[in-house]
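Report on the structure
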Amino acid sequence: MNRAVSYFGVFVLFVFVAVGCQSMTGETAGENVSDSSITSAVKAKLAGDRVGTLTQVGVETVRKTVYLTGVVPSADDKRRAAEIARNADGVKEVVNNLQVRGQP
């Protein structure tokens, strides 16, 4: 009987932790892992492009939407970064907030 009560207590605690994690970020644990892997994949592809000219691009993924931030040297680099992000596995949408150096 005591063991059953202990197991039930652990189960209830687990449920509260799982719900709490989702409510803080709005994402489930699985979504968070997926977003992290998308971010890593996009960063790796950006770093490998044209000998790393896009390494200063900030990448954040929320619910499979990739947000790009930072400053790039040209409009072509801005376009290329969005294209690379769009082609990464699992990406639903890309929000390109990159600024071109010298342009407002």
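Source: prediction; values computed, not measured.

What follows is about the sheet that holds strand 2 (residues 65-69). Spatially, three strands are ordered 1-2-4 in an open sheet, and the strand pairing comes out mixed. For this open sheet the edge positions go to strand 1 (58-62) and strand 4 (93-96), each flanked by a neighbour on one side alone. If you compare each strand with its neighbour and ignore which way they point, the axes differ by 20° on average. Pairing analysis gives five bridges linking strand 1 to strand 2, with the strands arranged antiparallel. Paired with G58 across the strands is T69, a residue of strand 2. Helix-sheet contacts for helix 3 (residues 75-86) involve strand 2 and strand 4, and the interaxial angle to strand 4 is about 160°.

Further remarks concern the confidence of the model for the chain. The predicted model of the chain has a mean per-residue pLDDT of 80, with 66% of residues at 70 or higher. When mean pLDDT is taken per element in the chain, strand 4 scores highest with 98 and helix 1 (residues 2-25) scores lowest with 55.

What follows concerns the nonpolar core. If you look at the biggest cluster of nonpolar residues, it comprises 18 residues, and the most contacted ones within it are V42, L46, V57, V66 and L68. Only helix 2 (29-48), strand 2 and helix 3 provide two or more residues apiece to this core. The element that contributes the greatest number of residues to this core is helix 3, accounting for four residues. Among all residues touching L68, those that are not within four sequence positions of it are V57, G58, V59, A81, A82, A85, V94, V95, N96, N97 and L98.

This part covers the side chain of D77. Tracing the chain through its elements places D77 in helix 3. Classification of D77 as buried rests on a relative accessible area of 7%. Beyond its immediate sequence surroundings of up to four residues, D77 is in contact with R50, T53, L54 and V72.

Procedures and definitions
- Residues numbered from 1 in each chain as written.
- Predicted model: local features only at pLDDT ≥ 70, side-chain atom pairs only at ≥ 80, totals over all residues.
- Heavy atoms only, no water.
- Pairing = 2+ DSSP bridges.
- Helix = DSSP H or I, 4+ residues; strand = E, 2+ residues; numbered from the N terminus.
- Axes fitted to C-alpha atoms, helices over the stretch in contact; angles between N-to-C directions.
- Contact = heavy atoms within 4.5 Å.
- pLDDT = per-residue confidence, 0-100.
- Core = buried A, V, L, I, M, F, W, Y, C linked by side-chain atoms within 4.5 Å.
- Buried < 20%, exposed > 50% of the residue type's maximum accessible area, 1.4 Å probe, protein only.

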